[in-house]
Amino acid sequence: MNRMFLLRVIGFCAAVLLLLHAGLGSYGDLTRPNFRASDLFFGEIPPDKAIVATSGVLATFSFDGDLLANYAAAKAADILHHPSADANGRATENKAAQGAVVAALKVSPIRPALWLTLGTLKAQSGEPVTPAVKMSYLAGAVPMAVAFSRVQTVTSSAAAADDEIKLLAQSDIRAALAHRSSYEPLLIAAYVQATPQGKSLLLEATQVTDPKFNEILRRY
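So, here is what we can say about the structure in this document. (Residues numbered from 1 in each chain as written. Predicted model: local features only at pLDDT ≥ 70, side-chain atom pairs only at ≥ 80, totals over all residues. Heavy atoms only, no water.)

A few points about the overall build of the chain
Here is the rule we go by: Put simply, DSSP marks the helices as runs of H or I at least four residues long and the strands as runs of E at least two long, and each gets a number from the N terminus on. When a residue's accessible area, from a 1.4 Å probe over protein chains only, is under 20% of the maximum for its type it is buried; when over 50% it is exposed; and in between it is partly exposed. By definition, residues are in contact when any of their heavy atoms lie within 4.5 Å. Only the protein chains shown count as covering a residue, and every accessible area follows the Shrake-Rupley method with a 1.4 Å probe.
Assigned secondary structure in the chain consists of 12 helices and zero strands. Reading the helices (α) and strands (β) of the chain from amino to carboxyl end gives α-α-α-α-α-α-α-α-α-α-α-α. Burial statistics for the chain: of 220 residues in total, 45% are counted as buried. At a minimum sequence separation of 6, the contacts of the chain that also span at least 24 residues come to 67%. Of the accessible surface of the chain, which amounts to about 12000 Å², a share of 62% is contributed by carbon and sulfur atoms.

See below:
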């Protein structure tokens with residue numbers, strides 16, 4: 001009798017958990033921000049703060065990789081586009097966004113644009129960006145706009161001094177040069193803002209691929 005009662009209790013608890021899981025999944029589909037990490041680099045406007053806050057509550061209990069990634073991307077975009085006016089507020093917001101990104105990557109790590117988002121947040125707060133940027137290369141291919149943002153992050157940070165990243169970044173630079181009509185002004189701007197190592201990387205990559213553009217860069 002006791003054994004039968006125990007089995008019924010276990011069955012009831014399992015049914016409740018399954019219903020709760022299904023309910024959270026359905027609610028997550030409804031509240032998930034329609035914003036991916038790549039949208040951040042395409043200049044898309046992040047979702048309304050209320051939507052981000054709602055999805056953040058659910059993300060606390062969720063293991064849905066898409067929900068966590070979209071929430072983290074939306075949170076990062078909101079902070080990068082609308083930073084707090086004071087330094088302490090910006091630092092706190094940045095840490096919170098980094099925490100959301102890291103939580104998403106722990107569940108679903110094969111997200112190159114989200115790794116770059118983490119690197120972008122770290123660059124904003126003056127932290128080392130090399131590990132996150134390197135993971136963005138190793139995690140897979142990205143759209144051209146994301147690849148160019150990665151060039152900007154690499155060339156303006158200490159990541160440009162990393163030998164492995166220097167090799168990986170050359171593919172991004174070559175891709176930008178393949179669309180030179182669109183990216184020439186942006187590459188020049190990246191060169192002007194680059195660190196000495198970043199300038200050297202851009203010159204090395206363009207010397208072989210596009211010597212004429214290399215000559216243009218050397219004028220700045």
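The discussion continues.
Some points on the packing of helix 8 (residues 144-155) against helix 11 (residues 196-209)
To characterise two packed helices, one gives the angle between the axes of the helices and the distance between these axes. In plain terms, the rule: Angles run from 0 to 180 degrees between N-to-C directions of axes, and those axes are lines fitted to C-alpha atoms, restricted for helices to the stretch in contact. An angle below 35 degrees is read as roughly parallel, one above 145 as roughly antiparallel, one from 65 to 115 as roughly perpendicular, and any other as oblique. Polar here means any residue outside two lists: the nonpolar Ala, Val, Leu, Ile, Met, Phe, Trp, Tyr, Cys and Pro, and the charged Asp, Glu, Lys and Arg; Gly therefore counts as polar.
It is the contact of helix 8 with helix 11, at a shortest axis distance of 8 Å, that shows an interaxial angle of 135 degrees. As far as their axial angle goes, helix 11 and helix 8 are oblique. Touching Val151, Val154 and Thr155 of helix 8 are Gly198, Leu201 and Leu202, all from helix 11. In terms of residue class, the contact of helix 8 with helix 11 is built from four nonpolar, two polar and no charged.

A look at the packing of helix 9 (residues 163-178) against helix 11
Quick note on the threshold: Put simply, a crossing is left-handed when the front helix is turned counterclockwise from the back one by less than a right angle, and right-handed when it is turned clockwise.
The geometry of helix 9 relative to helix 11 is characterised by a closest axis approach of 9 Å and an angle of 55 degrees between their N-to-C directions. Relative to helix 11, the element helix 9 lies oblique. For the element pair helix 9 and helix 11, the recorded crossing hand is right-handed. Only Leu201, Leu202, Glu204, Ala205, Thr206 and Thr209 of helix 11 make contact with helix 9, whose side of the interface consists of Lys166, Ala169, Gln170, Ile173, Arg174 and Leu177. Each residue belonging to the contact of helix 9 with helix 11 can be placed in one class, and the counts come to six nonpolar, three polar and three charged.

Here's the deal with the packing of aromatic side chains
To be explicit about the condition: Pairing of aromatic rings covers Phe, Tyr and the six-membered ring of Trp, with a centre-to-centre limit of 6.5 Å; geometry is then stacked below 30 degrees between planes, edge-to-face above 60, and tilted otherwise. We count a charge as sitting over a ring when the NZ of a lysine or the CZ of an arginine lies within 6 Å of the ring centre and within 35 degrees of the ring normal.
By the definition in use, this model includes one aromatic pair. Measuring from centroid to centroid gives 5.3 Å for Phe148 and Tyr183, while their planes differ by 45 degrees, and the two rings are tilted. With Phe148 in helix 8 and Tyr183 in helix 10 (residues 180-193), this pair connects stretches of sequence that are 35 residues apart. Here Phe148 matches Tyr183 in class, with each residue buried. The ring of Tyr191 has Lys199 sitting right over it, with the charged end atom 5.4 Å from the ring centre.

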